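Residue-level structure breakdown
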Amino acid sequence: MRRVAITGAGTINALGHDVPSTFAAMREGRCGIDQLALRDVERLSVQIGAQVKDYDETARFGRQQLTLFDRFTQFALIAAEQAVAQSGLVLDDALKLRAGAILGNSGGGLSTVDDNYRTVYQEGKNRVHPFVVPRLMANAASSALSMQHGLQGPTFTVSSACASSNHAMGLALQMVRSGAADVMLTGGSEAMLCFGGIKAWEGLRVMSSDACRPFSANRSGMIQGEGAAVFVFEDWDRAVSRGAEILAEVAGFGMTADAGEIVTPSVDGADRAMRAALADAGLSAESIGYVNAHGTGTAANDRTECAALSRTFGNHAGSLMISSTKAMHGHVIGGTGAIELLACLMALREGVVAPTIGYEAPDPDCLLDVVPNVARDAKVEACLSNAFAFGGLNAVLALKAA
Amino acid sequence: MDTRGRVIAIIAEQALLAPSDVREDMTLADLGIDSLGVVESIYAIEEAFDIQVPFNANDPEASDFDISSVRSIIEAVERLISGRA
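Here the structure is a predicted model, which means the values were calculated and not measured. (Residues numbered from 1 in each chain as written. Chains lettered and ligands numbered in written order. Predicted model: local features only at pLDDT ≥ 70, side-chain atom pairs only at ≥ 80, totals over all residues.)

Attention shifts here to the overall build of chain A. For chain A, the count of helices and strands is 15 helices and 14 strands. Its C-alpha atoms give chain A principal-axis dimensions of roughly 65 × 55 × 40 Å. When each of the 402 residues of chain A is scored for burial, the buried share is 60%. Look at the contacts in chain A between residues 6 or more apart in sequence, and 80% of them connect residues 24 or more apart. (Helix = DSSP H or I, 4+ residues; strand = E, 2+ residues; numbered from the N terminus. Buried ≥ 20, exposed ≤ 12 C-beta atoms within 10 Å, placed from the backbone. Contact = placed C-beta atoms within 7 Å.)

Next up, the structure:
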């Protein structure tokens, strides 16, 4: 079975428009959550979110491209371009046939849907732009990556709500491992911060209207973000033989379903997913130094996740560092696992564990080391990244230092 | 129907019971209404009375809207209605 290397990373999110600026923000514990700037924001009861700031789509893309690219596709293209550039890959005709793209996404082109529903329902018009469908389809971003970089191998989009990116990256790992592809662009993208996208989440009554405080006793819910992260997953031997810089090894992947409730998480499902990732990676629980938690800041998730961590890691849970970076970049839904994998890369490569900011008071149900508020220098050899989705779908990645 | 009757009808529908089987001293748990059912009931109450119910599922006890029993819900709805008027 082949080993899988990460040879490139790219991102655009509320913390920065590339990986170095995102790492800098995570090191500083900077919060990307702010007042939302969007149409009809005054009709929302939740008016904060982690928007990508200082972003001018017309500076990045031409007019013809913008007629086809919803915001979530734009983010994916920007992140992928950075990742491919860092990897130094030369995508010649032979490699293009052995390369693909698998991205996670949950909402598709939701701004496109929102805008065009306004047009037909609110404004009463009977005609929409001809490219509404190619903009809104959930595979628009994966297809755009394929077309931009000439990738002609396995290419599709994975949708499993908040676990979408982790499922996507887990499948990309399996593709490269099994020899179905030599190189995969993978990660996720989401752009749900439009009126309808936020209004839908408001309805569930799990959103905070002031701050995201994962694991803190006074946490009051989740806060949405937007953005993308894309990585180059590559056959290890291929990466070594071409002299590529290897950022980390994707060592394992575990996925389970709760077969329980639609929005209530389960200790058992999360525990089994983490164990499956460890087993797949051939790693002992004791070898893990850091877990990037799902850590949404809801009462139910954080309590359940801590119980699952205690079950998976036993006594070692007390010496693990666990953090949720969602308090900084928001919950990026179908793209969140990809952005959170950046925190794992930072821990493995730079020896800095991103903090859980917004932490104010210990919760007796969450008494693990959540790296509160301040980043920590630490040598981390291996880590996990958790994603637990509505629908009871759990996906956990295991990474090792290169 | 008065406010009391309408609230009980909404709760009874969630609980899949006849309104006559819902007593004011019952809790939502007594009625078999889970967290999703609570959120749906509150939505139905907001729609029925055209009010905004302050309720965050992360910490139901911290909300001003007391859902500890059928009676407390009726009283909270009555307060919200009189506040609106």
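Along its length, chain B carries three helices and zero strands. What you see for chain B is a C-alpha radius of gyration of 12 Å, in line with the 12 Å of a compact globule of 85 residues. Dimensions of chain B, computed from the C-alpha atoms along their principal axes, are close to 30 × 30 × 20 Å. Evaluated residue by residue, chain B yields a buried proportion of 24% over its 85 residues. For chain B, the share of sequence-separated contacts (at least 6 apart) that also reach a separation of at least 24 residues comes to 52%. (Rg over C-alpha atoms; globule rule 2.2 N^0.38 Å.)

Counting residues at the interface gives eight residues for chain B, matched by ten residues for chain A. Of the residues in the side of chain B that touches chain A, the class split is four nonpolar, three polar and one charged. (Nonpolar A, V, L, I, M, F, W, Y, C, P; charged D, E, K, R; others polar.)

With that settled, the discussion passes to unusual backbone geometry. Most peptide bonds are trans, and most residues other than glycine sit at a negative phi. Residues and elements named next belong to chain A. The phi dihedral of Phe 215 is positive, around 70 degrees, even though this residue is not glycine. Here Phe 215 lies in the loop between helix 10 (195-204) and strand 7 (227-235). A tally of 30 C-beta atoms within 10 Å means that Phe 215 is categorised as buried. The phi dihedral of Val 371 falls on the positive side, at around 45 degrees, and the residue is not glycine. Examined against the element boundaries, Val 371 turns out to sit in the loop between strand 11 (352-353) and strand 12 (376-377).

Within the largest apolar cluster, 133 residues are counted, with the highest numbers of intra-cluster contacts made by Ala 76, Met 184 and Cys 383 of chain A. It is helix 15 (residues 336-350) of chain A that provides the largest number of residues to this core, a total of ten residues. Two domains each donate at least three residues to this core, and these are domain 1 (4-241) and domain 2 (252-400) of chain A. Look past the residues within four positions of Met 184 of chain A in its chain and what remains in contact with it is Ala 99, Gly 100, Ala 101, Ile 102, Ala 172, Met 175, Val 176 and Phe 233 of chain A. Formed by 17 residues, the second largest nonpolar core is a distinct cluster that contains Val 7, Ile 8, Val 38 and Ile 74 of chain B. (Core = buried A, V, L, I, M, F, W, Y, C linked by C-beta atoms within 7 Å. Domains from an automatic or database assignment.)

Residues and elements named next belong to chain B. Where helix 1 (residues 3-15) contacts helix 2 (residues 35-49), the axes come no closer than 10 Å and their chain directions differ by 145 degrees. For the element pair helix 1 and helix 2, the recorded crossing hand is right-handed. Between helix 1 and helix 2, the contacting residues are Arg 6, Val 7, Ile 10, Ile 11 and Gln 14 on the first element and Gly 37, Glu 40, Ser 41, Ala 44, Ile 45 and Ala 48 on the second. Partitioning the contact of helix 1 with helix 2 into residue classes produces six nonpolar, three polar and two charged. (Axes fitted to C-alpha atoms, helices over the stretch in contact; angles between N-to-C directions. Left-handed = near helix turned anticlockwise from the far one by under 90°.)

Residues and elements named next belong to chain A. Read across the sheet, ten strands follow the order 5-4-6-7-1-8-14-13-9-10 without closing on themselves; strand pairing throughout is mixed. At either end of the open sheet lies a strand with only one pairing partner, and these are strand 5 (155-158) and strand 10 (321-323). In this sheet, adjacent strand axes meet at a mean angle of 25 degrees when their direction is disregarded. With eight bridges connecting them, strand 8 (residues 248-257) and strand 14 (residues 393-400) associate as antiparallel partners. Of the residues in strand 14, the one forming a bridge with Met 255 is Ala 395. (Pairing = 2+ DSSP bridges.)

Residue and element names in this part refer to chain A. Domain annotation for chain A reports domain 1 (4-241) and domain 2 (252-400). Measuring from the centre of the C-alpha atoms in domain 1 to the corresponding centre in domain 2 gives 21 Å. Counting residues at the interface gives 61 residues for domain 1 and 57 residues for domain 2. For the side of domain 1 that touches domain 2, the leading source of residues is helix 9 (residues 164-178), giving seven residues.

For the rest of this paragraph, the subject is helix 8 (residues 140-149) of chain A. All names here are of chain A. Of all ten residues that make up helix 8, seven are buried, and the element is covered over most of its length. Listed in full, the buried residues belonging to helix 8 are Ala 140, Ala 141, Ser 142, Ala 144, Leu 145, Ser 146 and His 149. Buried residues along helix 8 sit in contact with helix 4 (71-87), strand 4 (99-104), helix 7 (132-136), strand 5 and strand 6 (183-190).

Attention now moves to the packing of helix 12 (residues 267-281) of chain A against helix 13 (residues 299-313) of chain A. Residue and element names in this part refer to chain A. With their axes 8 Å apart at the nearest point, helix 12 and helix 13 run at an angle of 45 degrees to one another. Classified by the angle their axes make, helix 12 and helix 13 are oblique. Crossing geometry of helix 12 relative to helix 13 is assigned as right-handed. Every residue of helix 13 that contacts helix 12 at Val 267, Ala 270, Asp 271, Met 274 and Arg 275 is listed here: Thr 304, Glu 305, Ala 307, Ala 308, Arg 311 and Thr 312. (Parallel < 35°, antiparallel > 145°, perpendicular 65-115°, else oblique.)

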